[in-house]
Amino acid sequence: GRPLPGSADAAALSADTSLWTARHGCFVSIKNRDGSLRGCIGTFMPTRDSLDAEIAANAVSAATRDPRFPPMRPEELDGVRISVDILSEPEQVRDIAELDPARYGVIVAKGGRRGLLLPDLDGVDSVEKQLAIAASKAGIRDINGADIYRFTVDRYREPGDPEGA
């Protein structure tokens, strides 16, 4: 119910203005304190004029528009932790040997559908599993003939987040 923060608010968080003025895709993940997912929305390529605007828009979407969950209520805020993944530009891979689920996220694209999975996720310990999950998210049943891309992330977590320790 309040206006989104602007560039001046972002600059107050970090003096490194290049961080905020650069354009990147990003994902905002919201987790309950027990580690369960509460919302996650993002963009693999930038859609806004600056990273601060990209993060703010994706944070609102993760809290209110993730179709897997009802919109968050204000009273839930104290019980969640937020992380932000800043994505590198995706690069197409020619061989799955170029993938590593701990280091790279993946995008699987086929027939106008696209599924993305971030890197270094609990329980995703093989390239095959990572690709299968990404494909499934897009409704791609068979990845033969699909285009596969990889990307890295810079992950930022809230202070005190046990996963960020």
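The model shown is predicted, which means the values in this text are computed figures rather than measured ones.

A. Looking closely at helix α4 (residues 127–138). Taking 1.5 Å as the rise per residue, α4 with 12 residues should run 16 Å; its terminal C-alpha atoms sit 17 Å apart, in good agreement. For α4, every residue scored as buried is listed here: V127, Q130, L131, A134, A135 and A138. Buried positions in α4, seen along its axis, are confined to an arc of 125 degrees and lie on one side of it. Projecting away from the buried face of α4 at angles above 90 degrees are the exposed residues E128, S136 and K137. Packed against the buried residues of α4 are β5 (105–110), β6 (113–117) and β7 (147–151).

B. The arrangement of the sheet that holds strand β8 (residues 153–157) in detail. In spatial order, the strands read β2-β1-β3-β8; together these four strands make up an open sheet with antiparallel pairing. Each edge of the sheet is formed by a strand with only one pairing partner; in this case those strands are β2 (37–43) and β8. Going from strand to strand, the sheet's axes swing by 15 degrees on average, the running direction of each strand aside. Here helix α3 (residues 51–64) sits on the sheet in contact with β1 (26–32), β2 and β3 (80–87), set at roughly 40 degrees to β1.

C. Representation of the sheet that holds β5 in the model. Ordered in space as β4-β7-β5-β6, the four strands form an open sheet in which the pairing is antiparallel. A single partner strand is all that each edge strand has here, and the edge strands are β4 (91–92) and β6. Pairing of β4 with β7 involves two bridges; the strand directions are antiparallel. Bridge pairing in β7 links E91 to R150. The strands touched by α4 are β5, β6 and β7; relative to β6, the strand with the most contacts, the crossing angle is about 135 degrees.

D. The layout of surface pockets, seen in detail. If you add up the space inside the second largest pocket, you get close to 820 Å³. Of all elements in the fold, only β1, β2, β3, β6, α4 and β8 reach the threshold of two or more residues within the lining of the second largest pocket. For the lining of the second largest pocket, the per-class residue count stands at 14 nonpolar, five polar and 13 charged.

Scoring rules and cut-offs
Residues numbered from 1 in each chain as written. Predicted model: local features only at pLDDT ≥ 70, side-chain atom pairs only at ≥ 80, totals over all residues. Heavy atoms only, no water. Helix = DSSP H or I, 4+ residues; strand = E, 2+ residues; numbered from the N terminus. Expected span 1.5 Å × (residues − 1). Buried < 20%, exposed > 50% of the residue type's maximum accessible area, 1.4 Å probe, protein only. Arc of directions from axis to C-beta. Contact = heavy atoms within 4.5 Å. Pairing = 2+ DSSP bridges. Axes fitted to C-alpha atoms, helices over the stretch in contact; angles between N-to-C directions. 1 Å grid on protein atoms, 1.4 Å probe; cavity = no way out; pocket = protein on both sides within 12 Å on 5 of 7 lines; lining within 4 Å. Points joined across faces, edges and corners; volume = space filled by probe spheres on them. Nonpolar A, V, L, I, M, F, W, Y, C, P; charged D, E, K, R; others polar.

The values reported here are purely geometric and, on their own, carry no functional implication.
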